[in-house]
Number of protein chains: 2
Amino acid sequence: MTMALTLYDLAGADPDRRFSPYCWRIRLALAHKKLPVETIPWRFTDKDVIAFSGQGRVPVLVDADEALAGSWEIANYLEQKYPDRSLFDGPVGVALTRLVESWTDSLLLPGLVPLILGDVFAHLHEKDRAYFRASREQRLGMTLEAACADRDKKVIGFRQSLEPLRATLKMQAFLGGEEPNYADYIVFGGFMWARSTSPFKLLETDDPVAPWRDRLLERFEVARMAPGYDT
Amino acid sequence: MTMALTLYDLAGADPDRRFSPYCWRIRLALAHKKLPVETIPWRFTDKDVIAFSGQGRVPVLVDADEALAGSWEIANYLEQKYPDRSLFDGPVGVALTRLVESWTDSLLLPGLVPLILGDVFAHLHEKDRAYFRASREQRLGMTLEAACADRDKKVIGFRQSLEPLRATLKMQAFLGGEEPNYADYIVFGGFMWARSTSPFKLLETDDPVAPWRDRLLERFEVARMAPGYDT
C-alpha cells in the first residue's frame, strides 16, 4: 500500500517546533492509525502556499490528489479512508467526540491563551510576528502583554476548569477508555500547544491530568520527541 | 418476558413531582430501552426504606432479586442486562459518556444550584425540609436564600457555561448524534431537575439548547407529562 500523505503543519522560527493544537490533533490521529506522513513546516503568513486548499489555515492534508482543510474534516476523512485502528468507534463515538471538541475549543484553548500566548509569540518566525500580534490583539481587545499578565493567578481558574477532565481521568486511563482515541488527541493537542512553546507549569504535580498527559507522551514518540518543555 | 423493575424516585410534597437529576437519567434510560418500571415516590428522609441497598440515596433500582444504587451503576447494569436499544453503543461510548457525566456533575448541576435551589426547597415534602436546609446550607457554606440571591445576574454565567453543549447542538440533533442516548439523558436530567421545580427561565428563547430540550420532551412522554414548568 503506497501512501503519499502530506501535512502542512504550523511551525515556529525553528522549523521543527510545531505548536498548533489543531495540527497536533491530526499528527496524533495519523500516528494512531500508523499512517506515515510528510510534514511541511508552515508559517501563518504562508497563505499562498496553501491557497490550493481554498482557505488560509492549517492543518491542510494532501492525500494523492485530494486536499483537505480543518482538523475535524481531516480526522473524519482519515477515519473513512483508512478505517483500521478507529479514531471514533462508530457514529455515536463521532457524535460524542464533537462535545469534547466543543469543550476544548470553547474552554480549554481560550483558557490557555492568557497562560502561553506570550511564549507562543516568542517562538514565532520573524516574518509571522507582526501578523500574529495584530490579529491576536484585535481578537483579544488588548495587547499580548496585557492578555498574559498575572498568569500565576489565572492558572488557578484554568486548573479548576479542567475538573470534568480530571474527574474522568480518575476513573479511566484515557478519554477513549482503556486506549486513547481522537477525543484524547483533541484535548492533548491543547497541552502540546503549551508544551511546544511554554515553560510555564500548567498542572500541579499531583493533578490526575498530569499522568494522562504522560501516558500520551509515552505512547506517541512524535509528541515526546518534538521540541518543547517538560513542565 | 416478565419484568419486575422498581425504581425509588425522589419526590416532592406532591408524590408525582419527581425532580432528582440523577433519577431522571434512569427514568429516561428505562424509557429509551422501553422497559416498564414501577416508580416509588421517595423522600430524602426515607433512609430506612432503601436501607436494603446499602446506602441512603436514590436512584435505587430493584430488578427481581437485585438491588442497585447510583445512576452510573444502574445505567451500566441496564445496558448489560437489557442490551437492546443501546444507551452507549459500546465501551468507547461508555468511556466518552463519562466525560459528559463529569462535565454535568462538576459544572452544569452546580451552575443550576443558585438558580433553582430555592424553588426545589419550596416543593419539598414537609418532612424533608429541615434535613434539606441543613445539609445544603452546610455544603454551600451559606443559607439557601443567600445562595439563590441575584439569579438574574447568575443566569448569565450559567448560559455562558453551556457553550460546549450549544456549539455541539448547532451541529447535530442530539449529543448521541441523530438519536439521543445516555449522554443526552445525563445533561437533560439537569434540565428536568429545573423543569420539575422552578418557573425560572434558564435559556434564552433563541438558544440552540432550547430546541434540543424540546426534542427530548417531544420524544419522552414520561418527561413531557411530568408535573413541571414550561419555561
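The structure this text deals with has already been given above.
Anyway, here's the lowdown on the structure attached to this text. (Residues numbered from 1 in each chain as written. Chains lettered and ligands numbered in written order. Predicted model: local features only at pLDDT ≥ 70, side-chain atom pairs only at ≥ 80, totals over all residues. Heavy atoms only, no water.)

1. Points about the relation of the copies chain A and chain B
Heads up, the rule is: All copies are superposed by least squares; the fitting set is the C-alpha atoms of residues with a pLDDT of at least 70 in both. Note on contacts: a residue pair qualifies if any of its non-hydrogen atoms lie within 4.5 Å across the two residues.
Structural alignment of chain A on chain B gives an RMSD of 0.0 Å, achieved by rotating through 180 degrees and translating 0.0 Å along the axis. On this basis, the relationship between the two copies can be described by a two-fold rotation axis. Using C-alpha coordinates, one finds that chain A approaches the rotation axis most closely at Gly93(A), a distance of 2.9 Å. Comparing interface residues between copies, 100% of those in chain A also sit at the interface in chain B, which points to an isologous, same-surface contact.

2. Section: the pairing of strand 3 (residues 60–63) of chain B
Residues and elements named next belong to chain B. Keep this limit in mind: Three exposure classes are used, based on accessible area relative to the maximum for each residue type with a 1.4 Å probe and protein chains only: buried under 20%, partly exposed in between, and exposed over 50%. For helices the rule is a DSSP run of H or I covering at least 4 residues; for strands it is a run of E covering at least 2, with both sets numbered from the N terminus onward. Strand pairing requires that DSSP identify at least two bridges connecting the strands.
Here strand 3 shows two buried faces, one formed by Val60 and Val62 and the other by Leu61 and Asp63. Relative to strand 4 (residues 66–69), strand 3 is paired through four bridges, and the arrangement is antiparallel. Bridging across to strand 4, Asp63 finds its partner in Glu66.

3. Section: the packing of helix 3 (residues 91–123) of chain A against helix 8 (residues 182–197) of chain A
Residues and elements named next belong to chain A. The line we're drawing: Helix axes are fitted only over the stretch in contact, all axes being lines through C-alpha atoms; the angle between N-to-C directions runs from 0 to 180 degrees. Comment on the angle field: the value is read as roughly parallel under 35 degrees, roughly antiparallel over 145, roughly perpendicular from 65 to 115, and oblique elsewhere. Throughout, the ten residues Ala, Val, Leu, Ile, Met, Phe, Trp, Tyr, Cys and Pro are labelled nonpolar, Asp, Glu, Lys and Arg are labelled charged, and all others, Gly among them, are labelled polar.
Close contact between helix 3 and helix 8 brings their axes to 8 Å; oriented N to C, the two are set at 5 degrees. Regarding the angle of helix 3 to helix 8, the classification is roughly parallel. Considered class by class, the residues forming the contact of helix 3 with helix 8 number 16 nonpolar, six polar and two charged.

4. Section: the interface of chain A and chain B
Where we set the bar: Values labelled buried area give the accessible surface lost by two parts on being combined, using a 1.4 Å probe and summing over both. A pairing counts as a salt bridge when a side-chain nitrogen of Lys or Arg comes within 4 Å of a carboxyl oxygen of Asp or Glu.
With 26 residues of chain A in contact, the opposing surface of chain B contributes 26 residues. Carbon and sulfur atoms make up 71% of the area that chain A and chain B hide from each other, which totals about 2,200 Å². Its largest share of buried area at the contact with chain B, chain A owes to Val92(A), Leu96(A) and Leu99(A), together 28% of the area lost on that side. For the interface between chain A and chain B, the tally reads zero salt bridges.

5. A look at the sheet that holds strand 1 (residues 5–10) of chain A
Residue and element names in this part refer to chain A. The strand order across the open sheet built from four strands is 2-1-3-4, with neighbouring strands paired in mixed fashion. Two strands in the sheet have a free side with no partner beyond their single neighbour: strand 2 (38–42) and strand 4 (66–69). For this sheet the average axis-to-axis angle between neighbouring strands, irrespective of direction, equals 20 degrees. In terms of strand pairing, strand 1 meets strand 2 through five bridges, oriented parallel. For Asp9, the partnering residue across the bridge sits in strand 2 and is Pro41. The strands that helix 1 (residues 21–32) touches are strand 1 and strand 2; relative to strand 1, the one it contacts most, it runs at about 150 degrees.

6. Focus on the nonpolar core
As a rule of thumb, soluble globular proteins bury nonpolar side chains together. Definition in use: Nine residue types can take part in a nonpolar core, namely buried Ala, Val, Leu, Ile, Met, Phe, Trp, Tyr and Cys, and a core is a set of them joined through side-chain atoms within 4.5 Å.
Counting residues in each nonpolar core, the largest one holds 148 residues, and the members touching the most others are Tyr182(A), Phe191(A), Leu78(B), Tyr182(B) and Phe191(B). If sequence neighbours within four positions are ignored, Leu78(B) has contacts with Ile26(B), Ala29(B), Leu30(B), Lys33(B), Leu35(B), Leu61(B) and Pro83(B).

7. As for the packing of aromatic side chains
Applicable threshold: Only Phe, Tyr and Trp rings take part, Trp by its six-membered ring, and two of them pair if their centres are within 6.5 Å. Stacked means planes under 30 degrees apart, edge-to-face means over 60, and tilted covers everything else. Here, over-ring charges are defined by two tests on the NZ atom of lysine or the CZ atom of arginine: distance to the ring centre within 6 Å, and angle to the ring normal within 35 degrees.
On inspection of all chains with the given rule, the structure shows 24 aromatic pairs over all chains. Members of the aromatic cluster, connected to one another through ring pairs, are Phe19(A), Trp42(A), Phe44(A), Phe121(A), Tyr131(A) and Phe132(A). Of note, Arg129(B) hangs over the ring of Phe121(B), and the distance from its end group to the ring centre comes to 5.5 Å.

8. Remarks on the sheet that holds strand 4 of chain B
Residue and element names in this part refer to chain B. If you trace the four strands from one edge of the open sheet to the other, you get 2-1-3-4, paired in mixed fashion. Since the sheet does not close on itself, it has two edges, and those belong to strand 2 (38–42) and strand 4, each with one partner. Strand after strand, the sheet turns through a mean of 20 degrees between neighbouring axes, direction not considered. Contacts between helix 1 (residues 21–32) and the sheet are confined to strand 1 (5–10) and strand 2, with strand 1 contributing the most and set at about 150 degrees to the helix.

9. Digging into the side chain of Ser53(A)
All names here are of chain A. Keep this limit in mind: In protein, a polar contact requires one atom able to donate a hydrogen and another able to accept it; more generally it is a pair of N or O atoms within 3.5 Å, and residues adjacent in sequence count only if both atoms are side-chain atoms.
Along the chain, Ser53 falls in the loop between strand 2 and strand 3 (60–63). By relative accessible area, which is 19% here, Ser53 ends up buried. A polar atom in the side chain of Ser53 sits 2.7 Å from the backbone oxygen of Ile50.

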